[in-house]
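As a plain string of letters, each chain reads:
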Amino acid sequence: MASSNSKSTNETARKIFKILLSNPRIKVSWVKAHAGNIGKERADQLAKDATKHGQPYSHTELPKPHIKGLLRKRMLEEWQTSWQNGDTGRKMYNIMPSVSLRPTNWIREEVIFFSQHGTFPAYLERFHLSDSDYCSCDEIGTALDYATECINTVSWHMRKPAPNFEQEWLKRVANILISRQKIRGIIKFISENRDLFRPP
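Residues numbered from 1 in each chain as written. Predicted model: local features only at pLDDT ≥ 70, side-chain atom pairs only at ≥ 80, totals over all residues. Heavy atoms only, no water.

**Q** Before we go on, may I ask you to explain the overall build of the chain in this structure?
**A** A tally of helices and strands in the chain yields ten helices and zero strands. In sequence order, the chain lays out its α and β elements as α-α-α-α-α-α-α-α-α-α. Taken against the 2.2 N^0.38 rule, which gives 16 Å for 200 residues, the C-alpha radius of gyration of the chain at 34 Å runs more than 25% over that of a compact globule. For the chain, buried positions account for 23% of its 200 residues. (Helix = DSSP H or I, 4+ residues; strand = E, 2+ residues; numbered from the N terminus. Rg over C-alpha atoms; globule rule 2.2 N^0.38 Å. Buried < 20%, exposed > 50% of the residue type's maximum accessible area, 1.4 Å probe, protein only.)

Spelled out as structure tokens, the structure:
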């Protein structure tokens, strides 16, 4: 009987054991079922009532894969909420509004372009790493400008979107392999020829 075992790890059994220790007049003994014992019958009735109306206690061990699945689901929900309500990374959020554990398979150049964090004059000037946000082509040096208008990157140009469709354009470009290859070419060219892009 668990309640008479001082080494029991069951919390309820340990509480009962402490009560028995502090009340030596209480005796615990086995009673045959359905033997007409009033106390036993009352205990059975209370147990049945508890299962129907009380708070059932169940200590079932869940399989580890199930627990991992529940934790993964909860983590993704919290991550999604944080991503939706965050103040940073909004350019990336507009391209990837849903979080995922699946890798995007983007390489460094693609991350630089879509996050618009890199050697773009507009980005460098924003963080006081450059005196000007202009490119040598006399336009503000942004990722979009390099991909659509800058004379220095004409070999990789794509059609420029209307201003109100810029985010949709970025989403589409992110999902087209040929467009992403052009982006890789642009960023590599900029990285290897920085002097060419400095304002006059």
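**Q** Explanation requested: unusual backbone geometry in the structure shown.
**A** Where the residue is not glycine, phi is negative for most of them; where a peptide bond is considered, it is trans in most cases. For glutamine 116, which is not glycine, the phi torsion reads 60 degrees and is therefore positive. Take glutamine 116: it is sitting in the loop between α5 (108-115) and α6 (121-126). Its identity as a non-glycine residue notwithstanding, histidine 128 has a phi of 60 degrees, on the positive side. Mapped onto the elements, histidine 128 comes out in the loop between α6 and α7 (143-148).

**Q** What should I look at first to understand the packing of aromatic side chains in this one?
**A** Aromatic ring pairs: the centre-centre distance and the angle between the two ring planes describe each pair. Using the criterion set out here, one finds eight aromatic pairs in the structure. Judged by centre distance (5.3 Å) and plane angle (90 degrees), the ring pair of phenylalanine 113 and phenylalanine 114 falls under edge-to-face. Among the residues examined, phenylalanine 113 registers a relative accessible area of 1% and is labelled buried. On the numbers, 5.2 Å between centres and 80 degrees between planes, the contact of tyrosine 146 with phenylalanine 197 is edge-to-face. (Phe/Tyr/Trp six-rings, centres within 6.5 Å; stacked < 30°, edge-to-face > 60°.)

**Q** Even after reading the chapter, I still don't get the nonpolar core, so can you show me in this structure?
**A** Note on soluble globular proteins: their nonpolar side chains tend to be buried together. Among the nonpolar cores identified, the biggest contains 25 residues, and Phe113, Phe114, Phe120, Tyr146, Trp169 and Ile187 are the most heavily contacted of them. For this core, the secondary structure elements donating two or more residues are α4 (90-95), α5, α7, α8 (166-174) and α9 (177-192). Not counting chain neighbours up to four residues away, the residues in contact with tryptophan 169 comprise Phe113, Leu144, Ala147, Thr148, Met158, Arg159 and Pro161. (Core = buried A, V, L, I, M, F, W, Y, C linked by side-chain atoms within 4.5 Å. Contact = heavy atoms within 4.5 Å.)

**Q** Just checking my understanding: could you explain the environment of glycine 118 for this structure?
**A** In this fold, glycine 118 is placed in the loop between α5 and α6. For the pair glycine 118 and threonine 142, spaced 24 residues apart in the sequence, the C-alpha separation amounts to 9.7 Å.

**Q** What should I look at first to understand α8 in this one?
**A** All of the buried residues in α8 are Trp169, Leu170, Val173 and Ala174. Burial along α8 is one-sided: seen end-on, the buried residues are contained in an arc of 130 degrees. Among the structural elements, α4, α5, α7 and α9 are those in contact with the buried residues of α8. (Arc of directions from axis to C-beta.)

**Q** Looking at this model, I keep getting lost on a nonpolar patch on the surface. Mind explaining?
**A** A cluster of nonpolar residues, Leu62, Ile67, Leu70 and Leu71, forms a patch on the protein surface that exposes about 360 Å² of accessible area. Along the chain, the position of isoleucine 67 falls in helix α3 (residues 64-85). A residue is classified by how much of its surface remains accessible, and isoleucine 67, at 35% relative accessible area, is partly exposed. (Patch = residues over 30% accessible without salt bridge, like charges linked within 9 Å, V, L, I, M, F, W, Y side chains within 5 Å. Areas by Shrake-Rupley, 256 points an atom, 1.4 Å probe, with all protein chains shown as cover. Salt bridge = Lys/Arg side-chain N within 4 Å of Asp/Glu carboxyl O.)

**Q** Teacher, can you tell me more about the state of the cysteines here?
**A** In protein chemistry, a disulfide is the covalent bond that joins the sulfur atoms of two cysteines. If you walk through the whole model with that rule in mind, you get zero disulfides. Not engaged in a disulfide, the cysteine cysteine 135 finds its nearest cysteine sulfur in cysteine 137; these two sulfurs lie 3.7 Å apart. Free of any disulfide, cysteine 137 has its nearest cysteine sulfur in cysteine 150, 3.7 Å distant. Residue cysteine 137 is classed as buried on the basis of its relative accessible area, which comes to 16%. (Disulfide = S-S within 2.5 Å.)

**Q** Help me understand the packing of α5 against α9, please; the structure alone is not making it clear to me.
**A** Between two packed helices, both the angle of their axes relative to each other and the distance between the axes serve to describe the pair. Contact geometry of α5 with α9 gives a least axis separation of 9 Å together with a crossing angle of 90 degrees. Taken together, α5 and α9 sit at an angle that is classed as roughly perpendicular. Of the residues in α9, those touching α5 at Glu109, Glu110, Ile112, Phe113 and Phe114 are Arg180, Ile183, Arg184, Ile187 and Lys188. Across the contact of α5 with α9, the residue classes tally to five nonpolar, no polar and five charged. (Axes fitted to C-alpha atoms, helices over the stretch in contact; angles between N-to-C directions. Parallel < 35°, antiparallel > 145°, perpendicular 65-115°, else oblique. Nonpolar A, V, L, I, M, F, W, Y, C, P; charged D, E, K, R; others polar.)

**Q** Can you walk me through the confidence of the model for the chain in this structure?
**A** Close inspection of predicted coordinates is inappropriate in any region flagged by low pLDDT. For the chain, mean pLDDT is 85; residues scoring 70 or higher make up 90% of the total. Ranking the elements of the chain by mean pLDDT puts helix α2 (residues 38-53) last, at 75, and α7 first, at 95. (pLDDT = per-residue confidence, 0-100.)

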